[in-house]
Amino acid sequence: MDRITIFDTTLRDGEQSPGASMNVEEKLLIGRQLEKLGVDVIEAGFPIASEGDFAGVKLVSDEIRSCQVAGLARANQQDIDRAWDALKGGADPRIHTFIATSPIHMQHKLQMEADAVLEQAVAAVRYACTLTSNVEFSAEDATRSDIDFLVRILTAVVKAGARTINIPDTVGYTVPREYFSMIEEIKNRLPHGGDGVVISVHCHNDLGLATANSIAAIEAGARQVECTINGIGERAGNSSLEELVMALRTRPDNLTYTTNIVTPQIYPASRLVSQVTGIRVQPNKAIVGANAFAHEAGIHQDGVLKNKATYEIMTPESIGLPQNSLVMGKHSGRHAFQEKISDLGYELEPEQIETAFVAFKKLADKKKEIFDEDIDALVADEIIRIPHYYKLNFVSVNSGTEAMPNSTLEIEVEGKVVRGAEFGDGAIDAIFKTIKQLTNTQSRLLTYEVKSITGGADALGEVTVRIKEDGLTVMGQGAHTCVVVASAKAYMNALNKLEYKKRNRPQVTV
Ligand code: KIV
Ligand code: ZN
């Protein structure tokens, strides 16, 4: 079977999803999970974009040893030098350089003639190859480019030393048959039929065709697919790793290709990315959605009870979906908790396990049954959402049919304790007003959502907020058995992300 290289760009294109931003620790956390998942290449960011992006790529590259780590660079020496500075400590670093090749991008965005674009691409690849032999070139907006020009530029960059050539469907415009023909034609027209060079594809999901297009491209000869966990990414997102991998795994009779992916790590990866970014997975999302293995209609339930294969084409175990999510209660000890944490796919330091265990015990006092989803929320709250700038010490509210809603809060602003109180239209409004006053921030609340993590009146409530300030949008989450506290935590989490983004404002975007 032909082996497909999985190039994961959750930390780069995925991070470009509206509202999703990751700090360096979060990137490393996801990077480690991608390593366990067995991806071949991790694209960790765009180092010239900001100090934060540079630091994230550097940390992932320095720490992750069993995957190649890539950094994105426009086709110029300055970007490539910056990418290389971030990547060079890595085990197998890859420079990924790109330039747009479609008439619309060349004319309006780059304002360059085609020949100048070709020259710049060749010069960039040649320069990158003086730093490493592991160079990938992308022809941005390839699917709206002239095929003769594409063949010309791709042939030239291969000659200049590119080992991988990527043919992105940047705006999610192509359809499977067209993409198949394009990849096939490029392969046939490359010197020696493209021998010695890996053809890669990178599909966006604007028409919901990203996975189908990626598979069509594989059938035409592509041997690398660029994708993200949960399909997150610009606009409608990128091709989703779990969909592609499980399609290949489920239909080997039809699709004779393999990957190195350890499929039981798919579900933990999906959950982690969702927790870190605050982007929920839609319930009907293929493979990892909450309903992907749920059977509602009586006739389906009856069939599944008789034989699971009647309505299930893959098993929940194959993607690492926990089968019995009821875990523990207040009598569960440290050891059982530690085992549960690692069963769920978390790799925590001893002091992080201790912090999470203390929070678990507190929760167990309030909630009789603790489910996997509760543990996820708890780890996210205590370990992942590190309060770098603003920390909540306490919140209390006074609200009801007779009271004029007001809240009192104590928070730390970069270590300095401040207290304040405000009235509001309701309890949540009062909290958010107090937080804004104490942090001296002007953010606008765009959305507020609350969801119960499991069933029952004692369930944890998870609040997600989306806020905007100064052109920057971020999401924040918080979980607690009291939605008032969860709301305060979510707002503080969003403000921490906003502050990080302000200090690492992208100077350049793709
Ligand atoms: O969508 C795209 O074209 C990209 C390139 C930078 C590879 O993300
Ligand atoms: Zn992209």
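What counts as what
- Residues numbered from 1 in each chain as written.
- Chains lettered and ligands numbered in written order.
- Predicted model: local features only at pLDDT ≥ 70, side-chain atom pairs only at ≥ 80, totals over all residues.
- Heavy atoms only, no water.
- Core = buried A, V, L, I, M, F, W, Y, C linked by side-chain atoms within 4.5 Å.
- Buried < 20%, exposed > 50% of the residue type's maximum accessible area, 1.4 Å probe, protein only.
- Helix = DSSP H or I, 4+ residues; strand = E, 2+ residues; numbered from the N terminus.
- Contact = heavy atoms within 4.5 Å.
- Near = heavy atom within 4 Å.
- Polar contact = N/O pair within 3.5 Å; in protein donor to acceptor, adjacent residues only side chain to side chain.
- Nonpolar A, V, L, I, M, F, W, Y, C, P; charged D, E, K, R; others polar.
- Axes fitted to C-alpha atoms, helices over the stretch in contact; angles between N-to-C directions.
- Left-handed = near helix turned anticlockwise from the far one by under 90°.
- Pairing = 2+ DSSP bridges.
- Right-handed = clockwise from strand over helix to strand, strands pointing away.
- Donors = N, O, S within 2.8 Å, 3.2 Å for Na, K, Ca; no water.
- Domains from an automatic or database assignment.

### Topic: the nonpolar core
Counting residues in each nonpolar core, the largest one holds 111 residues, and the members touching the most others are Phe137 and Leu154. The biggest single contributor to this core is helix α6 (residues 147-160), with eight residues. Ignoring anything within four residues of it in the chain, the contact list for Leu154 reads Phe137, Ile165, Ile167, Ile186 and Leu190. With 27 residues, the next largest nonpolar core counts Val474, Val484, Leu498 and Tyr500 among its residues.

### Focus on unusual backbone geometry
You will see that Glu414, though not glycine, has its phi angle at about 45°, which is positive. Positionally, Glu414 belongs in the loop between β14 (406-413) and β15 (416-423). Since its relative accessible area comes to 51%, Glu414 is described here as exposed. The phi angle at Asp470 is positive, at roughly 55°, despite the residue not being glycine. The residue Asp470 is located in the loop between β17 (461-469) and β18 (472-480) in this model. The exposed category is assigned to Asp470, whose relative accessible area is 56%.

### Overview of the site of ligand 1
The immediate surroundings of ligand 1 are formed by Arg12, Asp13, His96, Phe98, Ser138, Glu140, Asn166, Pro168, Thr170, His202, His204 and Val510. Between ligand 1 and His202 there is a distance of 3.1 Å, counted from an oxygen atom to a side-chain nitrogen or oxygen. Between ligand 1 and His204 there is a distance of 3.1 Å, counted from an oxygen atom to a side-chain nitrogen or oxygen. Counting only elements with at least two residues in the shell around ligand 1, the list comes to β5 (93-100), β6 (135-140) and β7 (164-169). Of the residues assigned to the shell around ligand 1, the class counts are three nonpolar, six polar and three charged.

### Here's the deal with the packing of helix α7 (residues 176-189) against helix α8 (residues 210-219)
Here α7 crosses α8 at 35°, and the two axes come no closer than 8 Å. The interaxial crossing formed by α7 with α8 has right-handed handedness. On the side of α7, the interface is formed by Pro176, Tyr179, Phe180 and Ile183, while α8 contributes Ala212, Asn213, Ala216, Ala217 and Glu219. Here the contact of α7 with α8 is composed, by residue class, of seven nonpolar, one polar and one charged.

### A few points about the pairing of strand β8 (residues 198-203)
The element β8 is largely enclosed, with a buried count of five among its six residues. Here β7 runs beside β8; their pairing, made up of six bridges, is parallel. The partner of Pro168 across the bridge, within β8, is His202. For the crossover that starts at β7, traverses α7 and ends in the parallel β8, the hand is right-handed. Bridge count for β8 against strand β9 (residues 224-227) is three bridges, and the pairing is parallel. Bridge pairing in β9 links Ser200 to Gln224. Of the crossover connections in this fold, the one passing from β8 over α8 to the parallel β9 is right-handed.

### Here's the deal with the coordination of the zinc ion (ligand 2)
Asp13 (OD), His202 (NE2) and His204 (NE2) make up the full set of protein donors to the zinc ion (ligand 2), lying at 2.0 to 2.2 Å. All donors of the zinc ion (ligand 2) belong to a single chain; written as a sequence motif, their spacing is D-x188-H-x1-H. One end of the pair, Asp13, is in the loop between β2 (5-8) and α1 (24-37); the other, His202, is in strand β8, and 189 residues separate them in sequence.

### A short note on the sheet that holds β8
The parallel closed barrel is built from eight strands, whose spatial order is β2-β3-β4-β5-β6-β7-β8-β9. Here the strands of the sheet are splayed against their neighbours by 25° on average, with no regard to which way each runs. The strands touched by helix α2 (residues 51-63) within the sheet are β3 (41-45) and β4 (68-74), with β3 carrying the most contacts at an inclination of about 150°.

### Things to note about the domain arrangement of the protein
Looking at the protein, the domain boundaries give domain 1 (2-277), domain 2 (296-320), domain 3 (322-379) and domain 4 (390-503). On a C-alpha basis, the centres of domain 2 and domain 4 stand 41 Å from each other.

### What to know about the sheet that holds β15
Spatial strand order, β13-β14-β15: three strands in an open sheet with antiparallel pairing. Edge strands, defined here as strands with exactly one partner in the open sheet, are β13 (390-398) and β15. In this sheet, neighbouring strand axes are inclined to one another by 15° on average, regardless of whether the strands run parallel or antiparallel. Across eight bridges, β13 lies against β14 in antiparallel orientation. Each bridged residue has a counterpart across the sheet, and for Val395 the counterpart in β14 is Leu409. In the packing of helix α15 (residues 427-439) onto the sheet, the strands contacted are β13, β14 and β15, and the crossing angle to β15 comes to about 140°.

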